[in-house]
Amino acid sequence: MQIIIITIKIMKNSTRSFSTKSFSSYSSSSSPSLRWSEELIRYCEHPEVFSTKEVYHFDNEFVIIFDKYPKAKKHFLVMPRKRIDSIENLKKGDLGMMQKLKEKGQWVIDSMKEENPKLNFRMGFHAFPSMKQFHMHVISQDFISSALKNKKHWNSFTTPFFKDYEKIENILKEKGEIKFDKIYYEALLKKPLNCHLCNKKDIKNIPTLKKHLGDHWNDDSSEKSE
DNA sequence: GTTCTAGAAC
DNA sequence: GTTCTAGAAC
């Protein structure tokens, strides 16, 4: 009986949402297939509507969210709320914002290290991000995560595809813009799996890499706990 | 960015 | 036969 009631409720809902959709012009449906790339924008426009499980912190200028698919034990995105599509849209005039962005990132790192001093962090940017809205990654360097699933994930954080904050700030100061060679950086994502901590090269596959990362994490903890 | 899955690699 | 990767998704 309960199942029947639930089914009816679902049918009612879907009918309603369908008619609402077709009634209003639904202007935000700019190519629905590309909507995933714009998801970060919602956090910047209305950070207050999200739970504390999604939004770590926000103020008038910045939002810090938990990465939805964390590639390490701790992985945050720090973003200006002002609409900036991409790292390529940065101007020298954004250097003030950048300084505050760095402070926000460092504030998260300090707080996370207080919680677990064993964690190391990098803060920086992908040379060619997939998601719109300029965002900075704050990510712990264990890379122990079930969401880390393929070579692209790995190489995007452990090759020069990942640009530390200071690097980007320096380029912006010196050249006034951020522009990378797309062919070169796309190729980096396809390179063999190399460990970011030791000299191990050409790790066979992702499962083997994960075992290797687990070993680093455990070795490290036994050293420090002695 | 993810999910899904065909077929390559083992 | 099973594990794993990598390309399509309208």
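Not measured: the values here are computed from a predicted model.

The next subject is the confidence of the model for chain A. Close inspection of predicted coordinates is inappropriate for parts of the model with low pLDDT. Here chain A averages 88 in pLDDT, and 82% of its residues register 70 or above. Predicted confidence is poor over residues 1-29, with pLDDT under 50, and the contacts of this stretch with residues over four places away or in other chains come to 4 contacts.

A few words on the environment of Tyr-165. Turning to its location among the elements, Tyr-165 is positioned in helix 5 (residues 165-175). For Tyr-165, a relative accessible area of 1% puts it in the buried group. Other than its neighbours up to four places away in sequence, Tyr-165 contacts Met-98, Gln-99, Lys-102, Met-123, Gly-124, Phe-125 and Met-136. A distance of 2.6 Å separates the side chain of Tyr-165 from the side chain of Glu-169, its partner in a polar contact.

Moving on: the protein's contact with DNA strand C. All residues in the neighbourhood of DNA strand C are listed as Asn-205, Ile-206 and Pro-207. Protein-adjacent atoms of DNA strand C, using a 4 Å cutoff, are sugar or phosphate at a proportion of 100%. In the model, a phosphate oxygen of DNA strand C is placed 2.8 Å from a nitrogen or oxygen of the Ile-206 main chain.

Within the secondary structure layout, Ile-87 lies in the loop between strand 3 (75-80) and helix 3 (95-115). Residue classification places Ile-87 among the buried positions, given a relative accessible area of 3%. With 47 residues separating them in the primary sequence, Ile-87 and Phe-134 have C-alpha atoms 5.6 Å apart. Beyond its immediate stretch of four places on either side in the chain, Ile-87 contacts Phe-125, His-126, Ala-127, Pro-129, Phe-134, Ile-168 and Ile-178.

Right, let's get into the nonpolar core. Counting residues in hydrophobic clusters, the biggest one holds 33 residues, and the most contacted among them are Leu-90, Met-98, Leu-101, Phe-125, Phe-134 and Val-138. Those elements that provide at least two residues to this core are strand 2 (62-66), strand 3, helix 3, strand 4 (121-126), strand 5 (136-140), helix 5 and helix 6 (182-188). Ranked by residue count, the leading element in this core is helix 3, at 6 residues. When near neighbours in sequence (up to four residues on either side) are disregarded, Leu-101 contacts Phe-62, Val-78, Met-79, Pro-80, Phe-125, Phe-134 and Met-136. Ranked by size, the runner-up nonpolar core spans 13 residues in total, among them Leu-193, Cys-195, Leu-209 and Leu-213.

What counts, and at which threshold
Residues numbered from 1 in each chain as written. Chains lettered and ligands numbered in written order. Predicted model: local features only at pLDDT ≥ 70, side-chain atom pairs only at ≥ 80, totals over all residues. Heavy atoms only, no water. pLDDT = per-residue confidence, 0-100. Contact = heavy atoms within 4.5 Å. Helix = DSSP H or I, 4+ residues; strand = E, 2+ residues; numbered from the N terminus. Buried < 20%, exposed > 50% of the residue type's maximum accessible area, 1.4 Å probe, protein only. Polar contact = N/O pair within 3.5 Å; in protein donor to acceptor, adjacent residues only side chain to side chain. Near = heavy atom within 4 Å. Core = buried A, V, L, I, M, F, W, Y, C linked by side-chain atoms within 4.5 Å.

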